[in-house]
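Commentary on secondary and tertiary structure
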Amino acid sequence: MTKTKAPEARALPLNQILDGDCIEVMNSLPAGSVDLIFADPPYNLQLRGDLHRPDNSKVDAVDDHWDQFSGFAAYDKFTRDWLTAARRLLKPDGAIWVIGSYHNVFRMGAELQNQGFWILNDVVWRKSNPMPNFRGKRLTNAHETLIWASRAEGSKYTFNYEALKSLNEGVQMRSDWVLPICTGHERLKDANGDKAHPTQKPESLLHRVLVATTNPGDVVLDPFFGTGTSGAVAKMLGRDFIGIEREASYRAVAEKRISRVRRFDKSALEVSTSKRAEPRVPFGQLVERGMLRPGEELWSMNGRHRVKVRADGTLVGSDTHGNIKGSIHQVGAHLEGAPSCNGWTYWHFKREGRTIPIDVLRQQIRAEMADRPH
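Report on the accompanying structure. (Residues numbered from 1 in each chain as written. Predicted model: local features only at pLDDT ≥ 70, side-chain atom pairs only at ≥ 80, totals over all residues. Heavy atoms only, no water.)

On to helix α5 (residues 203-213). Since there are 3.6 residues in each turn of an α-helix, residues three or four apart along the chain are aligned in direction. For α5, the tally of buried residues reaches eight of 11 residues, placing the bulk of the element in the interior. Looking only at α5, the buried set comprises L205, L206, R208, V209, L210, V211, A212 and T213. (Buried < 20%, exposed > 50% of the residue type's maximum accessible area, 1.4 Å probe, protein only. Helix = DSSP H or I, 4+ residues; strand = E, 2+ residues; numbered from the N terminus.)

Here we take up the sheet that holds strand β10 (residues 306-309). Read across the open sheet, the six strands follow the order β12-β11-β10-β9-β13-β14; overall the sheet is antiparallel. Among the strands making up the open sheet, the edge pair consists of β12 (322-326) and β14 (354-357). The average undirected angle you get between the axes of adjacent strands in this sheet is 35 degrees. Lying over the sheet, helix α10 (residues 328-336) contacts β10, β11 (315-319), β12 and β13 (347-351), oriented at roughly 145 degrees with respect to β12. (Pairing = 2+ DSSP bridges. Axes fitted to C-alpha atoms, helices over the stretch in contact; angles between N-to-C directions. Contact = heavy atoms within 4.5 Å.)

This part covers the environment of C22. Relative to the elements of secondary structure, C22 occurs in helix α1 (residues 22-28). When the C-alpha positions of C22 and F225 are compared, they lie 9.5 Å apart, and in sequence the two are 203 residues distant.

With that out of the way, let us pick up the side chain of D240. You can see D240 is positioned in strand β8 (residues 240-244). Salt bridges are absent for the buried D240, whose nearest opposite-charge side chain, R263, sits at 4.1 Å. Within the structure, D240 has its side chain in polar contact with the side chain of N15 (distance 3.0 Å). Other than its neighbours up to four places away in sequence, D240 contacts L14, N15, G217, D218, V219, V220 and R263. (Lys, Arg positive; Asp, Glu negative; His and termini not counted. Salt bridge = Lys/Arg side-chain N within 4 Å of Asp/Glu carboxyl O. Polar contact = N/O pair within 3.5 Å; in protein donor to acceptor, adjacent residues only side chain to side chain.)

This part takes up the nonpolar core. Of all hydrophobic cores here, the largest spans 36 residues; its most connected members are W97, L146, W177, L205, V209 and L210. Take this core: its biggest share by element is six residues, from α5. Every residue in contact with W177, bar those within four places of it in the chain, is listed here: W97, V123, V124, W125, R126, L205, R208 and V209. Of all hydrophobic cores here, the second largest spans 30 residues; its members include L18, M26, W82 and V98. (Core = buried A, V, L, I, M, F, W, Y, C linked by side-chain atoms within 4.5 Å.)

What follows is the structure, given as structure tokens:
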């Protein structure tokens, strides 16, 4: 019997801007290969006629051909098709961000749910410097909405909670983000000095998204790459990107922009992590490695209680009712009469006259684990 050689998996075109229709290009890439998708699709603004300021100067509005659809049915089909292609590309624990305005974000949200994505949050990007409503017939459009969704309900998506909290001066990050629109030195211009792209997103927005929901080395795909904000920020933050953009003028601007970006050094890319995200180290491992010896005494943080370490990583102590045995957490909780106890910070050992929490030994092991090659 002749054996058929299995086809080789196609390598991902990392850190490249691909030319073509986003749906066709996404369908040509390997399934389950992308960690995060950031999508800023056409908004289908349905503009009618020119827009002028009070001084009669014309507003450079979004009237490009790529934002024009024959109707809602055509736009919904487009949304359905590109989201189908996007979901195929995501790893099982991948996630997606989409951004839009009132013109399209509700339609995208419904389609995300129709396809099995699991919505995690909607985020209001409140613009600190929005464009005014020049006609004076409606409220100023001062925000856009982002939807963050995992690939499926049970997906173990990335969320760097502590990093976002650090970005927000130690306070839990909320779902309303006050950030300026893209202006000044960040606004890219074409050869004529005009905006290179009418809806260029600020780097601050992508910085927050990528720090929150990716890790260094992750692959970020942007099917509507434009002038490459997602790629520029991904490169800075040590992530790999794949951009898809069919407009040659936007690709040229994006390539030039990203070529000037310097990736931050490795130490600068590290972010705050929660204790739960760190590798688990059993207390018994400290005993196995001789960092603590069987029979060695530990003291409670308040100095009132003393126990001995046993060879199997449990503790033995005594109270008015007799001996108590158990884990570092169980014995601490029993002695304090508390429902629970973090034994790592509660118990201390003594070295050269100093009292040291046993958590110091756990952190030593974790540091060794981090230094090992993967």
